[in-house]
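These are the residues of each chain, in order.
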Amino acid sequence: MYEITVKCPATIEAMEFCDAFVESIAQFFSIHERESLVLSIHEAIINSIEAMKQLYGEDHNNTFSLYMRITEEELMILVIDRANGIPAHEHKKLHVNSLEDLLLAESGRGLLLIKELMDDMWFEQRENGEHAIGMKMRR
Amino acid sequence: MNRWTSTLEMEATSMAIYEKISFKGKLTYSTQQIARQKLYDLLSKTNKDFVLLDVSELSFIDSTGLAVFIHFLKQEVDKNRKFIFVFSNNDVLNKLLMIAKFHKLFPFAKTEQEVNQFLVEQGHLVANQEALLNIWVKQGNEESK
């Protein structure tokens, strides 16, 4: 089993770093659905960066962490931040809405794409005040 | 310290029946603002009713990139513009746009030649985006069903 944690500033540059990092991890471990994995993590990071921007404004020094656990059977990923997490009404929307419901919407597709592309997705409120988007993909 | 950053190139080519806009690179959170501005400029310079969005060389798109296409679809409907996607062999992007249900809004074509032939034969019958999609599907293009 491999466990990897990367802590990054909540910036566009860090998002691009994570895209390249996840891409190389996926190649190294011969992940079959490489594009789905890269996009899902990318979407969770967009969510994190946007949440921190809303909470702290454009200029802040907050970070997000990308945690990956890779076993023979699956990948488990957490994107962790100190924003306020996903509001309860958004959780509900995720259960009710599909991508077809958002056909003409100009926002709100990110988490639905993760739900569609990954085998599992969930939200965590952690003891230290952090929040996380979690996801799993079978190998 | 030099760092790698995402790039997106967009280019318009004016054809007899349609305007072709080609995308190369990544249409993501970091490039979508530039893409919006560029697409706005390119669309304002053409008077063609049909716009072929050639995404054959688009290597990555995220939810914010998808939103760019929706934004312009909605904006250009009043101007009687119609949009068609061309993928060539970009199966990854085709799959993602199918997952996002874009085939319910846009015809998906494999090649530019396919679009050209369709527009020569049936372009005059197409009043709007919905009609375009209906005729495209009726003609037997399975992907847009």
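Conventions used here
Residues numbered from 1 in each chain as written. Chains lettered and ligands numbered in written order. Predicted model: local features only at pLDDT ≥ 70, side-chain atom pairs only at ≥ 80, totals over all residues. Heavy atoms only, no water. Pairing = 2+ DSSP bridges. Helix = DSSP H or I, 4+ residues; strand = E, 2+ residues; numbered from the N terminus. Axes fitted to C-alpha atoms, helices over the stretch in contact; angles between N-to-C directions. Contact = heavy atoms within 4.5 Å. UniProt positions renumbered as here; feature names shortened; annotations may be inferred.

Looking up chain B in an unreviewed UniProt entry gives the name Anti-anti-sigma factor, with the organism given as Thermaerobacillus caldiproteolyticus.

As annotated in an unreviewed UniProt entry, chain A carries the name Serine/threonine-protein kinase RsbW and comes from Thermaerobacillus caldiproteolyticus.

Residue and element names in this part refer to chain A. Pairing in this open sheet of five strands is antiparallel, and the strands run β1-β2-β3-β5-β4 from one edge to the other. Across the chains shown, the open sheet's two edge strands, defined by having one partner strand only, are β1 (2–9) and β4 (120–125). Here the strands of the sheet are splayed against their neighbours by 15° on average, with no regard to which way each runs. For β4 and strand β5 (residues 131–138), the ladder comprises six bridges, and the chain directions are antiparallel. Residue pairing for β5: Met121 is matched across the bridge by Met135. Contacts between helix α4 (residues 110–117) and the sheet are confined to β4 and β5, with β4 contributing the most and set at about 125° to the helix.

According to UniProt, the "domain: STAS" (unreviewed entry) feature falls on residues 21–96 of chain B. As annotated, residues 21–96 of chain B has a helix share of 43% and a strand share of 32%, and its two end C-alpha atoms lie 20 Å apart.

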